Structure formats: structure tokens, C-alpha cells
Amino acid sequence: MEHVDAIILGAGAAGLMAAIAAGRRGRRVVVVDHAPQVGSKILISGGGRCNFTNTGTAADRFLSANPRFARAALHRYKPSDFLALVEKHRIPWHEKTLGQLFCDNSARDIVAMLLAECQAAGVTIRTGVRVTEVSKPGRFRVVANGRETEAPALVLATGGLSIPKMGATGFSLDLARRFGLPVVEPRPGLVPLTFEGEMLELMRPLSGLSLPAVARFGKTPRFPEAVLFTHRGLSGPAILQVSSYWQPGQAFSLDLLPGQDPVALLLARKQSRPRAEPRTVLGEFLPQRLAQALGGAWFTGTEMANQPDRALRAAGEKLRALPLAPSGTEGYAKAEVMLGGVDTAVLHPDTLQARSVLGLFVVGEAVDVTGWLGGYNFQWAWASGWCAGEAI
Ligand code: FDA
């Protein structure tokens, strides 16, 4: 039997950060992961360049049943703290847009940095191992590949359910339930949306087309970013963002001409271009393929002069707030994150320790805290992992 101070399940972003923080404080830490390598999701993140944080990090950029919960951890470990680590390791980085920080070269730099920090902190990492038993006879006891390890602290850091083909599992959620912690029902987030029927007929031929728009669901934040048509519906950053807020059976809206007054534009064109076809007029403001599709779907008659003002107003309203009711999402296979997770009501916000089980911590995506697209999810993983590591 091996005795250590902490066992961390999951060698991803949050687990490695927890290990580094605890190891630096002299704690003996063992991290176990079933994948053959550490940080698989870090490696594929940000198109291979890892959008490792966002300078605009604030609790209101996260979804949770308790929107205030993330505040404490995000305040204790900030984007500037992670950036200091990146700079200490001389990793070249750049800011893209909207405060998103990426590696210049490769996400591999971030994984190498975390491994170097783990090594310096004396952390033991075991990859490619199967955890067959987790119990708490007194201390926590974990059996992995037949080896028994015991510790007074156990960190659940196996992430969420997105991209199961990369080995994502609900292990942390299952264990949390076994220890009596409630779980907010998980669902895919930051995920492409699918459509059916006439709407899909309209969208499918536009597959590959991208345009700037503003997506919004009800009174939730507006997302002014790109929208991409796919063969199943819609994707692109604006859609991924709104997907996390969207509720099945309901519609969200797209402003296709952000910052413009489409009703006024169409009425003015009726005067200034009376002989033009509506689809040609739409082509002044929208990509040609989309203008052709919408012109065909929304207008009858050939010339602007023949369009009743009422029809132009209705079309203008749709350009300003096109109501779209998806039939579903592309699911965990395509989702960047999992929404929901271990209920924050049972965790201490400063340490991520369970209120009812001394020594049990839950960090990263397994917690019911999910960020917007743009580096927020890694910042949550670093911050929650660091807070747990400081408390072990
Ligand atoms: P993470 O998933 O990183 O780690 C969990 C670890 O647990 C894995 O190593 C896994 O192998 C292991 N594990 C799982 N089940 C296990 C079991 N049963 N036994 C043992 N080990 C087990 N975020 C962001 O901020 N910027 C970005 O650029 C991106 N890009 C991005 C791209 C894509 C394609 C995806 C899918 C996701 C992103 N994300 C992102 C989200 C980000 O990757 C995610 O939020 C964090 O990796 C979560 O960190 P965790 O440590 O919680 O889980």
C-alpha cells in the first residue's frame, strides 16, 4: 500500500494544476489518468494552439446554477497568474481578439510546461492506468492497475463528457454521486445546433458559408461573432456561445445586419432601386448565396417597386432578429464542453472541497461551472485546480 497526501484522478488541465499547487507546498501527490498521455484536450484545444486564458475573465462569463460561485476561485487565481507561468517558461503567445490568449506555436508548449512544473514539484503521474476501485474506509483508497494508494485527500478532476472518443467519461460525476454529492444534470455546451424541415433545406446548400452576426437567446448576453452554415444547421463562435444558453423547444435570434437598420435600408432601396430584384438588394449587405436563398424564401414578385412596404418591413425585422428554433445539438461528439456537473451548493467556493466529505475536492469541468468560448474554460480549470491544490 502506497501512502501519499493526495490522489488526483485526471491528468488534464485542472488535475495537473491542482497537483502543481499541492506539490509545490511539499505535499506528496499521485495523479492517475486512463489516457496514454496527459492533457489530451489541451493538445487539441484552440485548433492546436490552446486558447489558454482570457484577459476578460469574470464570473459573468460562466454558466452555473449558482452564477456567483466561480467568483472566489477566479479571484484567487487570475489570468495574469497563468500568464506569469507561461512567461516563466518563455512560451511565445499572442492575443487574438476579445482578450483570447493563444500560444504562437503549439498547445504542446502548455502541456510541456505543466509537466515541467509537476516534475519540479515532485508530483508522480501515472498514465494509461485503469482505476478499478475508489473507496473511503477512513482515508481515500484508490486501486489503479492493481496498485493500492491511500491518501487523506482525493481530487476528482476527470473533466466532462464532451468528445467521448478521446476518452471523456462521467467518472467524476459517478464518484461524486457515490459520495453523496448532487449533480446538476449535464448536457452538451459550446456545440453546433441542428435544424430540420424547411429551415434545414434552406441552410444545407449554404454549408461552408460564414458571416458576422449577433446571436442571442432571450435576455441572455449578445454574442457578436461569426456564424457558419453546416450541412446539419449552424455552427461558428456565435452559435457555440448561444448554444450553451439555448433551451430545447425554444428559439434564439440572429441579427444578420448588426449595427444597421434593415427596415430603413429596404424601404430606402425601394425608392432608390425600384427595378432591382429583392435578392439583388439583399446581396448589397449579405453574402451572395445567403441573399439568393433569403430573397427566394421571403419575397414574391421580381422588383423592389412591387414589394408592399409591409413585406419589406417584415423582411427587415427578420434580418434584425431572425427567430431560429433548432431541433437539437450535435451532442457530446462535437461539444467543446459539458454544462452542469457537481452542484456548487455542496462545494466550498474558495477550495472546491466538498462541504460534507472532508478531503474530497472536485475541480475543472466536472463542477457545474462552464465558461464561454474563448479561453474561459481553461481559466476555470487552472483556477479551480490551483485553489484545491492550495487547500490540500
Ligand atoms: P480535461 O478533460 O482536460 O481532463 C480530464 C482528464 O481526466 C483527461 O486527461 C482524461 O483522460 C481523464 N479521465 C477521464 N475519465 C477518466 C477515468 N475514468 N479514469 C482516469 N482518468 C480519466 N477551453 C479553453 O479554455 N480554450 C480552448 O481553446 C479550448 N478548446 C477546446 C477544444 C476542444 C475540441 C474541446 C473538446 C475543448 C476545448 N476547450 C477549450 C475546453 C477545455 O478543453 C476543457 O474545459 C478543459 O480541458 C477542462 O479541464 P479538466 O481538467 O476539467 O478536464
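Residues numbered from 1 in each chain as written. Predicted model: local features only at pLDDT ≥ 70, side-chain atom pairs only at ≥ 80, totals over all residues.

Visitor: Outline the overall build of the chain, supporting the account with residue identities and numerical values.
Guide: Looking only at helices and strands, the chain has 13 helices and 23 strands in total. Across the 392 residues of the chain, 47% fall into the buried class. Looking at the chain alone, contacts between residues at least 24 apart form 72% of all its contacts between residues at least 6 apart. (Helix = DSSP H or I, 4+ residues; strand = E, 2+ residues; numbered from the N terminus. Buried ≥ 20, exposed ≤ 12 C-beta atoms within 10 Å, placed from the backbone. Contact = placed C-beta atoms within 7 Å.)

Visitor: Kindly report on the sheet that holds strand 12 (residues 153–156), identifying the contributing residues and their values.
Guide: Strand pairing in a sheet is mediated by backbone hydrogen bonds. Such pairs are either parallel or antiparallel. Read from one edge to the other, the open sheet built from 5 strands follows the order 8-3-2-12-22, with strand pairing classed as parallel. On the outer flanks of this sheet lie strand 8 (124–126) and strand 22 (360–362), each paired with one strand and no other. Neighbour-to-neighbour, the strand axes of this sheet turn through a mean angle of 15°, independent of strand direction. With 3 bridges connecting them, strand 3 (residues 29–32) and strand 8 associate as parallel partners. Residue pairing across strands places V31 opposite I125, the latter belonging to strand 8. Here helix 1 (residues 13–24) sits on the sheet in contact with strand 2 (6–9), strand 3 and strand 12, set at roughly 170° to strand 3. (Pairing = 2+ DSSP bridges. Axes fitted to C-alpha atoms, helices over the stretch in contact; angles between N-to-C directions.)

Visitor: Can you tell me about the sheet that holds strand 4 (residues 51–54), naming the residues and giving the values?
Guide: Taken in spatial order, the 3 strands make up an open sheet running 4-7-6, and their pairing is antiparallel. What marks the edges here is a single partner per strand, and that holds for strand 4 and strand 6 (93–95). Averaged over all pairs of adjacent strands, the angle between their axes in this sheet comes to 25°, without regard to strand direction. Of the strand pairs in this sheet, strand 6 and strand 7 (residues 100–103) are connected by 3 bridges, and their pairing is antiparallel. Within strand 7, the residue paired with E95 across the bridge is L101.

Visitor: How would you summarise the site of the ligand if you had to cite specific residues and measurements?
Guide: Taken together, 36 residues surround the ligand, and among them G10, G12, S45, G159 and G364 come closest. Broken down by secondary-structure element, the contributors of at least two residues to the shell around the ligand are helix 1, helix 2 (40–44) and helix 13 (376–391). If you tally residues by element for the shell around the ligand, the top one is helix 13, at 4 residues. For the shell around the ligand, the residue count by class is 16 nonpolar, 16 polar and 4 charged. (Near = placed C-beta within 6 Å. Nonpolar A, V, L, I, M, F, W, Y, C, P; charged D, E, K, R; others polar.)

Visitor: Outline the UniProt feature "domain: RsdA/BaiN/AoA(So)-like Rossmann fold-like" (unreviewed entry) in the chain, supporting the account with residue identities and numerical values.
Guide: The positions UniProt marks with the feature "domain: RsdA/BaiN/AoA(So)-like Rossmann fold-like" (unreviewed entry) are residues 5–390. The span residues 5–390 is 32% helix and 23% strand, and its two end C-alpha atoms sit 13 Å from each other. (UniProt positions renumbered as here; feature names shortened; annotations may be inferred.)

Visitor: An account of the packing of helix 9 (residues 262–272) against helix 12 (residues 309–320) is requested, with residue identities and associated values reported.
Guide: At a closest axis distance of 7 Å, the pairing of helix 9 and helix 12 adopts a crossing angle of 145°. Handedness of the helix 9/helix 12 crossing: right-handed. For the pair formed by helix 9 and helix 12, the contact residues are P262, V263, L266, L267 and K270 on the first element and D309, L312, R313, A315, G316, E317, L319 and R320 on the second. Of the residues in the contact of helix 9 with helix 12, the class split is 7 nonpolar, 1 polar and 5 charged. (Left-handed = near helix turned anticlockwise from the far one by under 90°.)

Visitor: Requested: an account of the UniProt feature "domain: RsdA/BaiN/AoA(So)-like insert" (unreviewed entry) in the chain, with residues and values cited.
Guide: UniProt annotation of "domain: RsdA/BaiN/AoA(So)-like insert" (unreviewed entry) refers to residues 187–337 when read in the numbering used here. The distance separating the terminal C-alpha atoms of residues 187–337 is 9 Å; by composition the span is 35% helix and 21% strand.

Visitor: Describe the nonpolar core, naming the residues involved and giving the relevant values.
Guide: In this structure, A18, V155, V362 and V363 are the most contacted members of the largest nonpolar core, which totals 119 residues. Beyond its immediate chain neighbours, meaning those up to four positions away, V155 contacts A6, I8, L9, G15, A18, F361, V363 and A388. (Core = buried A, V, L, I, M, F, W, Y, C linked by C-beta atoms within 7 Å.)

Visitor: Could you give me a rundown of unusual backbone geometry, with the residues and numbers involved?
Guide: Leave glycine aside and you will find that most residues have negative phi; peptide bonds, for their part, are mostly trans. The phi torsion at R90 lies on the positive side, around 50°, for a residue other than glycine. Tracing the backbone through its elements, the reader meets R90 in the loop between helix 4 (79–88) and strand 6. Positioned with a positive phi, I163 is a non-glycine residue whose angle comes to about 60°. Assignment of secondary structure puts I163 in the loop between strand 12 and helix 6 (171–178). The exposure class of I163 is partly exposed, given the 19 C-beta atoms found within 10 Å.

Visitor: If you had to explain the environment of I163 to someone new, which residues and values would you point to?
Guide: Along the sequence, I163 and Q119 sit 44 residues apart, while their C-alpha atoms lie 28 Å from each other. Contacts of I163, omitting those with residues within four sequence positions, involve A168 and Y332.

Visitor: Tell me about the environment of E133, residues and numbers included.
Guide: Following the sequence through the fold, E133 ends up in strand 9 (residues 131–135). It is 28 Å that separates the C-alpha atoms of E133 and A333, two residues lying 200 residues apart in sequence. Not counting the four nearest positions on each side in its chain, E133 is found in contact with V142 and V143.

Visitor: Go over the pairing of strand 7, please, and point to the residues and values.
Guide: Pairing of strand 4 with strand 7 involves 3 bridges; the strand directions are antiparallel. Of the residues in strand 7, the one forming a bridge with N54 is Q100. The antiparallel hairpin formed by strand 6 and strand 7 contains 4 residues in its connecting segment, where L98 sits at a positive phi of about 50°.

Visitor: Quick rundown of the packing of helix 1 against helix 13? Include the residues and the values.
Guide: Across the interface, helix 1 lies against helix 13 with an axial gap of 7 Å and an inter-helix angle of 35°. For the element pair helix 1 and helix 13, the recorded crossing hand is right-handed. For the pair formed by helix 1 and helix 13, the contact residues are A13, A14, G15, M17, A18, A19, I20, A21 and A22 on the first element and F378, A381, W382, S384, G385, W386, A388, G389 and E390 on the second. When its residues are assigned to classes, the contact of helix 1 with helix 13 shows 13 nonpolar, 4 polar and 1 charged.

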